[in-house]
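Structural features, examined
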Amino acid sequence: IKTQVGIVGGGPAGLMLSHLLAKTGVENLVVESRDHETIRNTHRAGILEAGSVKMLTDSGVNGRVLTHGDEHTGIDLRFNGESHPLDFTDLVDATVTLYAQNEVFVDLAAARKRDAGDVRYSSEVTAVFDLETETPKFHFTDADGNGFEVHCDILVGADGSRSFCRRAVPGTQDFKIEYPFAWFGILTEAPKSSPELIYANSPHGFALISQRSETVQRMYFQCDPNEDVDSWSDDRIWNELQRRVDGSDGFTLKTGNIFDKTVLKFRSFVREPLSHGRMFLIGDAGHTVPPTGAKGLNLAFADVKVLFEAIDSFYSTQNSALLNGYSDLALKRVWKAQNFSYWMTSMLHTPVNADPFMAKRALGELDTVTSSRYGQQYLAESYTGWPHS
Ligand code: DHB
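Residues numbered from 1 in each chain as written. Predicted model: local features only at pLDDT ≥ 70, side-chain atom pairs only at ≥ 80, totals over all residues. Heavy atoms only, no water.

For the rest of this paragraph, the subject is the nonpolar core. Tyr199, Leu379 and Tyr383 are the most contacted members of the largest nonpolar core, which totals 81 residues. At twelve residues, the largest contribution of residues to this core is made by helix α9 (residues 296-317). There are two domains that each give this core at least three residues, and those are domain 1 (5-72 + 97-177 + 267-345) and domain 2 (179-266 + 350-384). Not counting residues up to four positions away in its chain, the partners in contact with leucine 379 are Ile75, Leu77, Leu86, Phe340, Trp343, Met344, Met347 and Val369. (Core = buried A, V, L, I, M, F, W, Y, C linked by side-chain atoms within 4.5 Å. Buried < 20%, exposed > 50% of the residue type's maximum accessible area, 1.4 Å probe, protein only. Helix = DSSP H or I, 4+ residues; strand = E, 2+ residues; numbered from the N terminus. Domains from an automatic or database assignment. Contact = heavy atoms within 4.5 Å.)

Right, dumping it as structure tokens:
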């Protein structure tokens, strides 16, 4: 198969890039190892920066994010049993949109199908090679076991945190840290407990009260990375979540049937550089952030924007200057998001057996942030997303 851009990975990043390229007439092929159903049922974060929403709407993916997305004008930071609302509109004149990442995938997949895009699901990439030539190539096997060789001008690794593409090449350096905790995530049939998302620091650990709709809610609590979901009954989960948001105001979670339970392990990771010859890494393939602050998908979309403009320039001017600059430019935002995600995570979580000094220090930090307009603005600006380059 010959194509201009070969995209390994059909999650939101790969499909968004494919969609933008197709709109400017750049031929591309997407190869994804999972099937559509599996990705559709993979629950991830749900917060979109305004810039990410704009990428979906400006490019005509469709308007579902506008009709089904829920605009949020702030968050609530809860600690010492008290709520501290942050109003993003007032602080930085920006908002975010709650729209689940799997819905973003569904919309993008539908748009690719509508526009007759070539997306091969259930197809495993088995080799990437000739990356340092002008015709990078890869092999894949489709769902029926047929093998293909793809020749392209540009190869993109959009294949997630365990990226085959990334592992096929040596980077200059991999940067990573692990965390001694994970998130226990649930979906529940319950009404909203609060109008805004609640990020809670408590002596029992972190909790996040998020939402999906009027009738379905998403919540997380800090847990051991090896926690077994089957040892958690609904009652036990509700007790754990409630004690992490308990306070003198008597705030009480609205409970309901829990229909999805998952332990989400995470880490901070960056591969440098984000390119190797004619292969470029976008999204989780190149970097992953811990989930606190929901930067993962937004960062992936920011990569897509930078890479799309570089590829567009490559075909319209025959000049590869922007392609050569992709890694450096994308990494600037990556490290800002790494800092923000690490900062939110360490401020809001208390490691088991933490030095009591560290737990108290985090409360001092939360107080510093919430008691000053500058502090609130610092968080609000990062949370709602820096301008796209
Ligand atoms: C959600 C996840 C996050 O990591 C976050 O910071 C906010 C919301 C969510 O799944 O709704």
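A complete count under the given rule lists 21 aromatic pairs for this structure. For the pair phenylalanine 175 and tryptophan 335, a centre-to-centre distance of 5.5 Å together with 90° between the ring planes defines the contact as edge-to-face. Of this pair, phenylalanine 175 sits in strand β13 (residues 173-178) while tryptophan 335 sits in helix α10 (residues 321-348), placing them 160 residues apart in sequence. For phenylalanine 175, a relative accessible area of 28% gives the class partly exposed. With relative accessibility at 36%, the residue tryptophan 335 sits in the partly exposed group. With centroids separated by 4.8 Å and ring planes inclined at 10°, the aromatic side chains of phenylalanine 184 and phenylalanine 221 adopt a geometry described as stacked. Taken as a pair, phenylalanine 184 in strand β14 (residues 182-189) and phenylalanine 221 in strand β17 (residues 216-223) lie far apart in primary sequence, 37 residues in all. Directly above the ring of tryptophan 232 sits arginine 236, whose terminal nitrogen or CZ lies 3.6 Å from the centroid. Lysine 295 extends its terminal NZ or CZ atom over the ring of tryptophan 386, reaching a point 5.7 Å from the ring centre. (Phe/Tyr/Trp six-rings, centres within 6.5 Å; stacked < 30°, edge-to-face > 60°. Lys NZ or Arg CZ within 6 Å of the ring centre and 35° of its normal.)

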